[in-house]
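Examination of the molecular architecture
Chain by chain, the residues run as shown.
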Amino acid sequence: ILIFPEGAHSRTEKMLPFKNGAAVLVQQLHLPVVPIGLKGLEYIYPHEAVLPKPGIVHVNFGKPINFTNESLEEITKRLEMEVEKLLK
């Protein structure tokens, strides 16, 4: 399952703060998470677009993360930090 944890389409190239939705799935289903950083989406699928246009997106995959007893907020913050690292 691919989830965009921001909960909304950013109007800029900067990420929006993550919501807890992905963390709920992780916590309830005990699933590992592979963070993914996507660079260039703001150009091929701008906020106001109905459909994406041709372009290049760079995809960076992080290492899988297993969570055990972390709170929703801790999971969300860690995921946000890991994705931010992949965007640099």
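All chains use their own residue numbering, which begins from 1 and follows the written sequence. Selection of residues for local features in this predicted model requires a pLDDT of at least 70, selection of side-chain atom pairs for listing and counting requires 80 or more, and totals for whole chains, interfaces and linings are taken over all residues. In computing side-chain values, all of the structure's heavy atoms are included and hydrogens and water are not.

What about helix α3 (residues 72–86)?
Stated formally: Helix and strand assignments come from DSSP, with helices taken as H or I runs of at least 4 residues and strands as E runs of at least 2, each series counted from the N terminus. For a helix, the expected span equals 1.5 Å multiplied by the residue count minus one. Burial status follows relative accessibility: with a 1.4 Å probe on protein chains alone, a residue under 20% of its type maximum counts as buried, one over 50% as exposed, and anything between as partly exposed. To be clear, the arc concerns the directions from the helix axis to the C-beta atoms.
Taking 1.5 Å per residue as the helical rise, α3 with its 15 residues ought to reach 21 Å, and the 21 Å between its terminal C-alpha atoms agrees with that figure. All of the buried residues in α3 are I75, T76, L79, E80, E82, V83 and L86. Projected down its long axis, α3 shows its buried positions confined to an angular sector of 165 degrees, all on one face. Those residues of α3 that are exposed and aimed more than 90 degrees away from the buried face are E73 and K85.

Overview of the pattern of salt bridges
Inclusion rule: By definition here, a salt bridge exists when the distance from a side-chain nitrogen of Lys or Arg to a carboxyl oxygen of Asp or Glu is within 4 Å.
Going through the model one piece at a time under the given rule, you end up with two salt bridges. Notably, a salt bridge pairs K85 with E82, separated by 3.3 Å at the nearest N-O pair. Of this pair, K85 and E82 both sit in helix α3, separated by three residues, roughly a single helical turn. Exposure remark for E82: the relative accessible area of 16% places this residue in the buried category. Members of the salt-bridge network, linked through shared partners, are R78, E82 and K85.

What to know about unusual backbone geometry
Phi angles above zero are rare outside glycine, and H30 is one such case at about 55 degrees. Judged by relative accessible area, H30 falls into the exposed class, the value being 57%.

Re the packing of helix α1 (residues 21–29) against α3
As a reminder, the rule being used: All axes here are fitted lines through C-alpha atoms, helices being fitted over the stretch that makes contact, and every angle between N-to-C directions spans 0 to 180 degrees. In a left-handed crossing the near helix is turned counterclockwise from the far helix by less than a right angle, and in a right-handed crossing that turn is clockwise. Contact criterion: two residues are considered in contact whenever any of their non-hydrogen atoms come within 4.5 Å of each other. Amino acid classes used here: Ala, Val, Leu, Ile, Met, Phe, Trp, Tyr, Cys and Pro are nonpolar; Asp, Glu, Lys and Arg are charged; the rest, including Gly, are polar.
Relative orientation of the contacting elements α1 and α3 amounts to 115 degrees, with a least axis distance of 9 Å. By crossing handedness, the relation of α1 to α3 is classed as right-handed. Every residue of α3 that contacts α1 at A22, A23, V24, V26 and Q27 is listed here: L72, I75, T76 and L79. For the contact of α1 with α3, the residue count by class is seven nonpolar, two polar and no charged.

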